Amino acid sequence: MIDLRTAACAALLTTLAPTLGSPLGAQAPDTYLDPVARSLHEVARENWQAIDESIVRYTALIQQRIAAAIRTPLKDRTLYRNETAVRAFWDREYEPLLQILGTRAQYPGREIAEREGNLTWLDDLAFDAPFEPGGDRLLFGITDQGEEGYEPRDDDFWFAHPLAAGADSLYRYRSGDTLTLALPDGRTLQTVKLDVLPREADVHRITGALWIEPESGALVQAVYRLSQQFDAMRDVPELQEEEERGSFKYVPGLLKPWTFDMNLVAIEYGLWDFEIWLPRTMRVEGEAAAGIMKFPVSMDISYRIESVTTEEEEAQALAAAAAAAQAGDPGSLTERHFESRAEAMAFIAELLSDGSGVSYEPLAGSNRVAAGRESRFIVPEDRSLITTSPDLPPPIWDDAPGFASDEDLEEWVTTLADLPAPPIRGIPWAANWGWHRPDLIRYNRVEGPAVGGRFQARLGMGPLGPWNFSASGFMGLADLEPKARLTLEKSTVMRRVAVGAYRELQATDPRGRYLEFGNTLNAFLFGRDDGEYFLATGLDLTWRPPEAGRDSHFFRAYVERQDPVSKKIDFALFRSWSGDGIFRPNIPGDRVEEVGAELRLSPWWGTDPLLPQVGLDLYGHGALWREAGTTDQSDYARGSATLRVAVPLAGGRWRLGTEIGGGTTWGVSPLQRHWFLGGPSSLRGYGASTVFGSSFTRARTEVARRFDVATVSVFGDAGWAGRREAFDTEDILYGVGIGGSVLDGLIRLDLSHGLTGSSRQLRLDLYLDAIL
């Protein structure tokens, strides 16, 4: 089993476990879709455990980099990153020896732990063991295989190996394109693609492609992913039993379910000395989730093989030494004997120090066990060199020699997208309501407390299947207006396309997330509901990134009727003594019938708070509409652009953040299609919708002092909204304030005050997903 130190690695690397299905020689008749697939699979299966047995020892420079982030609509925020470089001396007969060249890590709280003396470089080291020849090549040989192989276990997560005995009962195979490799000596080498197709979608099966060298059966390249999302409470028997006993009934719905998507594992091997396939690169990408919290995780490993000794070379060297000894020539080999392991390690450290300019010493008492073997460390005597080593790779988001490029990633994703979707057994379904999921309970001034329910099913119908079906509904206790949405979605590794029919409460600015948990909490506790709402009934078609991707683009085409809604409740828990007037009125929207389309592009560059970050938000929307009950049509088009920049100052201790945006409307639009400014997301120091109109412009800037996990900042905002031709600089509203945040703006608290206009306020706002 794989036991990686950090949570990031643990989320990425799951266990490869062959299951025993039908016995060898009794394959199902539809196992191979063509004769080439049969021959490829058979030769690969015969050699997948023994193909590296000729290797006696090797030396390699290994670089590894890991990053884990938390995903929000605005941007991904780095929670953990690590870069490590080691030189591995692997020998068949002895424990692996790791020369630590460098390691560094970054995560919240690390600076505090380091200042208090509770942290050493060894705590940052996220590498345990090198490639194990003869181990499982689908995960760079770092699994603990044993003599009997793997067996599925009830107390752990596993997935079935496509080359194991009996794998034909779980997978089907087909051959693909032939890839010709040109070797430096002029020879050519062919590898053939073998698609691995699970017979049904199952969290214990992969879907992907293997490139096999037909003569030797060597695995040259592989790209694969889980065929189904892993759900901890469904797929881990122990957790499933605890869930049935009610152990998690007090876990709030916004933190459930606990899932993991292994979106991509890509490995490549290189041919050493035209004879032996040894590791070159490995890339793993996945996403863990706990309800509304999503954590994308990535890992890169690069091997640069420096020397290899095979059994044949070892035998030749021993024979030559024996012959030289018989002839009275001691040769270049000198036999050394050591009294203890510590003495031997000290001698090796001395050898590594010679000529390198860095003095090394063995590290006692800090060995690690991985893949059933114990790794031993040799480290620089000057530990400060570990974090500044020139051998350390750049962060995972930067291109670097020896690692996968963006073009490689795009090619691998395309390969996975071209594979057919695995069939679905039965109709997997789930039903939840209210507190069980984060978006099924809400509170606002129109609905009051509203409770929702959702039924979801995965349908395998038709040649384009499978499809995700969802039926959800809400009922507000204040307005007593039923709302519902039916959605049929096609989800792939490249995109999600959905059609829907709905009658639902919508906000004038969906990006404000006014129907989600944050605004619900503010409305119920403090009587502060920043949204403007209308009731929409219609049909729509949406196109967005895949589930595992950030929402960097969104397209929607729709035809709908829009009806105005009004405030129906005036209660907030901490203002219950205030009587009427706790909530402001909702806008008196227009009753219209509208057909239109909208497109939003939201790229973001940079996730590390110690490095520059830049984001864009480009929005376009056009529609034809008419007032309900009339035949006169109008049309409009509107667009907006927002630029966000955050840059480090003074070595990262200070940060400067700036936002500037504007938008306008051409033609005549309904009131609910105007631009609204006010509140923490657009104009601090003023209430929501203080100003609105067919055009707007706004800007904000702030300077923040960073303290490891938190920042303290001073800021200023400016904004205007109205008719484009009526713009006047004297009408611009200004606000200033101080704020604090944790985790690069993930949670933000601002105290602000407006400076101009009659609607200025002293406000305290707690919200999520700020620029700093």
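Note that this is a predicted model, so its numbers are computed, not measured.

Cut-off values and rules
- Residues numbered from 1 in each chain as written.
- Predicted model: local features only at pLDDT ≥ 70, side-chain atom pairs only at ≥ 80, totals over all residues.
- Heavy atoms only, no water.
- Phe/Tyr/Trp six-rings, centres within 6.5 Å; stacked < 30°, edge-to-face > 60°.
- Lys NZ or Arg CZ within 6 Å of the ring centre and 35° of its normal.
- Buried < 20%, exposed > 50% of the residue type's maximum accessible area, 1.4 Å probe, protein only.
- Helix = DSSP H or I, 4+ residues; strand = E, 2+ residues; numbered from the N terminus.
- Pairing = 2+ DSSP bridges.
- Contact = heavy atoms within 4.5 Å.
- Core = buried A, V, L, I, M, F, W, Y, C linked by side-chain atoms within 4.5 Å.
- Patch = residues over 30% accessible without salt bridge, like charges linked within 9 Å, V, L, I, M, F, W, Y side chains within 5 Å.
- Areas by Shrake-Rupley, 256 points an atom, 1.4 Å probe, with all protein chains shown as cover.
- Salt bridge = Lys/Arg side-chain N within 4 Å of Asp/Glu carboxyl O.
- Lys, Arg positive; Asp, Glu negative; His and termini not counted.
- Charge placed at Lys NZ, Arg CZ, Asp CG, Glu CD.
- Polar contact = N/O pair within 3.5 Å; in protein donor to acceptor, adjacent residues only side chain to side chain.

### A few points about the packing of aromatic side chains
Point 1. Taken as a whole and assessed by the stated rule, the structure comprises 15 aromatic pairs.
Point 2. Across the ring face of Phe715, the terminal group of Arg684 is positioned such that the distance to the ring centre comes to 3.7 Å.

### Some words on the pairing of strand β32 (residues 747-754)
Point 1. Side-chain alternation along β32 places Arg748, Asp750, Ser752 and Gly754 on a buried face and Ile747, Leu749, Leu751 and His753 on a face that remains uncovered.
Point 2. Both β32 and strand β33 (residues 762-768) contribute to a ladder of seven bridges, which runs antiparallel. Looking across to β33, one finds that Leu749 is bridged to Leu766.

### Brief notes about the environment of Gly661
Point 1. You can see Gly661 is positioned in strand β26 (residues 654-667).
Point 2. Owing to a relative accessible area of 8%, Gly661 belongs among the buried residues under this scheme.
Point 3. For the pair Gly661 and Gly719, spaced 58 residues apart in the sequence, the C-alpha separation amounts to 9.4 Å.
Point 4. Discounting residues that sit within four places of it in the chain, Gly661 has contacts with Ala641, Thr642, Phe696, Thr697 and Arg698.

### As for the nonpolar core
Point 1. Ranked by size, the top nonpolar core spans 71 residues in total, and within it Tyr58, Tyr224 and Tyr303 carry the most contacts.
Point 2. Core analysis: the next-biggest nonpolar cluster, separate from the first, contains 11 residues, Val223, Ala404, Trp412 and Leu419 among them.

### Quick word on a negative patch on the surface
Point 1. Residues Asp398, Asp399, Asp406, Glu407, Glu410 and Glu411 make up a contiguous surface patch of negative charge.
Point 2. For Glu407, the location among the structural elements is in helix α9 (residues 406-417).

### Section: the pattern of salt bridges
Point 1. Applying the stated rule across the entire model yields 63 salt bridges.
Point 2. Note that Arg442 and Glu447 form a salt bridge whose closest N and O atoms lie 2.8 Å from each other. The same class applies to Arg442 and to Glu447, which are both buried.
Point 3. Linking Glu725 and Arg723 is a salt bridge whose minimum nitrogen-to-oxygen distance equals 2.9 Å.
Point 4. Overall, the relative accessible area of 61% leaves Glu725 in the exposed class.
Point 5. When its relative accessible area of 49% is taken as the criterion, Arg723 is described as partly exposed.
Point 6. Three or more residues are tied together by salt bridges with common partners; here these are Arg485, Glu504, Asp540, Arg556, Glu560, Glu594, Glu598 and Arg673.

### Remarks on the side chain of Asn444
Point 1. Among the secondary structure elements, Asn444 is positioned in strand β15 (residues 441-444).
Point 2. On the basis of relative accessibility, which here comes to 0%, the residue Asn444 falls in the buried class.
Point 3. At a separation of 3.0 Å, a polar atom in the side chain of Asn444 contacts the main-chain amide nitrogen of Val446.
Point 4. Only 2.8 Å separates the side chain of Asn444 from the backbone nitrogen of Glu447, close enough to count as a polar contact.

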